[in-house]
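What the coordinates show
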Amino acid sequence: MLEAMIPRPGLHVIFDLDGTLVDSEPNYYEAGRRLLARYGVSDFSWEDHTRFIGIGTRETLTALRGEYGIDAPVDELLAGKNALYLELAGASTEVFGQMRAFVELLHAAGVPMAVASGSSRAAIGAVLAVTGLEAYIPLYVSAEEVAHGKPEPDVFLETARRMGAEPTECVVLEDAPPGAAAAHAAGMRCIAVPYVPATASDPAFKAADLLFAGGQSAFTAEAAYSWLRGEARPGGRS
């Protein structure tokens, strides 16, 4: 076990939520599948869902509305999906084991943490509460609170502002190319842990400062923490 020492002065860590801290994608897929079924779409598959991993809920629903010719307003779709997701997430949401260990290491070292997510504030709050992560990460920012979602940097920049940190002091953990691109655009370092390992060759991931190309199966709290402490070379691969 690594000693819980602050990796470097001024460090702030910002986590994406879905697919990074927690495996919420199955719940998001099921919520989307049920929602679309209400509007006559019966063939929405997991593969269809994976195209939108890392994209905000509103942006995703806007695209799906056009793709399937749904007449309902985006706000109606958003309210419906959020209600379905909250029901599913409140019943069960899994935290990735090594991510929880990493959060606990950072917390013990006194490193400020926050969540910046494309999900709604209600969804973020529900997941942090049901998983117990809110005890470690009380600050969170939703893309619905800023002008543009990922891959634009708005949500990360707003999170840094609320943390009282400069972008250069922040390290982002992300699982999807749009999020990694947003971190880069914000001027922040990025640890990339692809939710879909096959996307590890995406240019946004290749530009990450630390890439766990095998995804969550390759990520370890010890490796990430050692890198933050300068015990591993920047730009590393795992």
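Calculation notes
- Counting starts from 1 at the beginning of each chain's written sequence and moves along it residue by residue.
- Two thresholds apply to this predicted model, a pLDDT of at least 70 for residue-level local features and 80 or more for giving and counting side-chain atom pairs, whereas whole-chain, interface and lining totals are computed over all residues.
- Processing note: side-chain calculations cover all non-hydrogen atoms of the structure and skip hydrogens and water entirely.
- For helices the rule is a DSSP run of H or I covering at least 4 residues; for strands it is a run of E covering at least 2, with both sets numbered from the N terminus onward.
- Throughout, radius of gyration means the C-alpha value; the globule benchmark is 2.2 Å times the number of residues raised to the power 0.38.
- In this scheme, a residue with accessible area under 20% of its type's maximum is buried, one over 50% is exposed, and one in between is partly exposed, where area comes from a 1.4 Å probe on protein chains only.
- Residue contacts are counted whenever heavy atoms from the two residues lie within 4.5 Å of one another.
- Throughout, the Shrake-Rupley method with a 1.4 Å probe supplies accessible areas, and for residues the shown protein chains are the sole cover considered.
- Positive charges come from Lys and Arg, negative ones from Asp and Glu, while His and the chain ends are left out of the count.
- Note that the charge is assigned to NZ on lysines, CZ on arginines, CG on aspartates and CD on glutamates.
- Residue types Ala, Val, Leu, Ile, Met, Phe, Trp, Tyr and Cys, when buried and joined through side-chain atoms within 4.5 Å, form a set referred to as a nonpolar core.
- When a carboxyl oxygen of Asp or Glu is within 4 Å of a side-chain nitrogen of Lys or Arg, the pair counts as a salt bridge.
- We define a polar contact as two N or O atoms separated by no more than 3.5 Å, with the added condition that, inside protein, one atom must be a possible hydrogen donor and the other a possible acceptor, whereas residues neighbouring each other in sequence contribute only through side-chain atom pairs.

Quick look at the overall build of the protein
Across its full length, the protein holds 10 helices and 7 strands. The C-alpha radius of gyration computed for the protein amounts to 17 Å, which stays within 12% of the reference 18 Å derived for 238 residues, consistent with globular compactness. If you line up the protein on its principal axes, its C-alpha atoms span 55 × 35 × 30 Å. Scored against the burial criterion, the 238 residues of the protein give a buried share of 53%. A fraction of 66% describes how many contacts in the protein between residues 6 or more apart in sequence connect residues 24 or more apart. Looking at the protein as shown, the accessible area adds up to about 9900 Å², and 52% of this sits on carbon and sulfur atoms. Here the protein contributes 18 positively and 31 negatively charged side chains, and the mean placements of these two sets differ by 2 Å.

What to know about the nonpolar core
Membership of the largest hydrophobic core comes to 57 residues, with the highest contact counts inside it found for Phe15, Leu21 and Phe102. Per-element tally for this core: the top contributor is helix H4 (residues 74–91), with 6 residues. Every residue in contact with Phe102, bar those within four places of it in the chain, is listed here: Phe15, Leu173, Phe219, Ala221, Ala224, Tyr225 and Leu228. Core analysis: the second largest hydrophobic core is formed by 23 residues, Ala114, Ala165, Ala180 and Ala183 among them.

Topic: the pattern of salt bridges
All chains considered together, the criterion is met by 10 salt bridges. The closest approach of N and O atoms between Glu67 and Arg51, which form a salt bridge, is 3.1 Å. Separated by 16 residues along the polypeptide, Glu67 in helix H3 (residues 57–68) and Arg51 in the loop between helix H2 (46–50) and H3 bring together distant segments of the chain. Between Glu158 and Arg162 there is a salt bridge, and its shortest N-O distance comes to 2.7 Å. Taken as a pair, Glu158 and Arg162 lie in helix H7 (residues 154–163) at a separation of 4 residues, close to a single helical turn. The exposure class assigned to Glu158 is buried, which follows from its relative accessible area of 16%. Members of the salt-bridge network, linked through shared partners, are Arg121, Glu145, Glu158, Arg161 and Arg162.

With respect to unusual backbone geometry
Cis rather than trans, the peptide bond between Lys150 and Pro151 has omega equal to 15°. Mapping Pro151 onto the fold places it in the loop between strand E3 (140–142) and H7.

Let's talk about the side chain of Asp18
As for its position among the elements, Asp18 is in the loop between strand E1 (12–15) and helix H1 (25–38). Here Asp18 sits buried without a salt bridge, and the closest side chain of opposite charge, Lys150, lies 7.6 Å off (N-O distance). At 2.5 Å, the side chain of Asp18 and the side chain of Ser24 are in polar contact. Look past the residues within four positions of Asp18 in its chain and what remains in contact with it is Ser24, Glu25, Tyr28, Tyr85, Ser117, Ser119 and Asp175.

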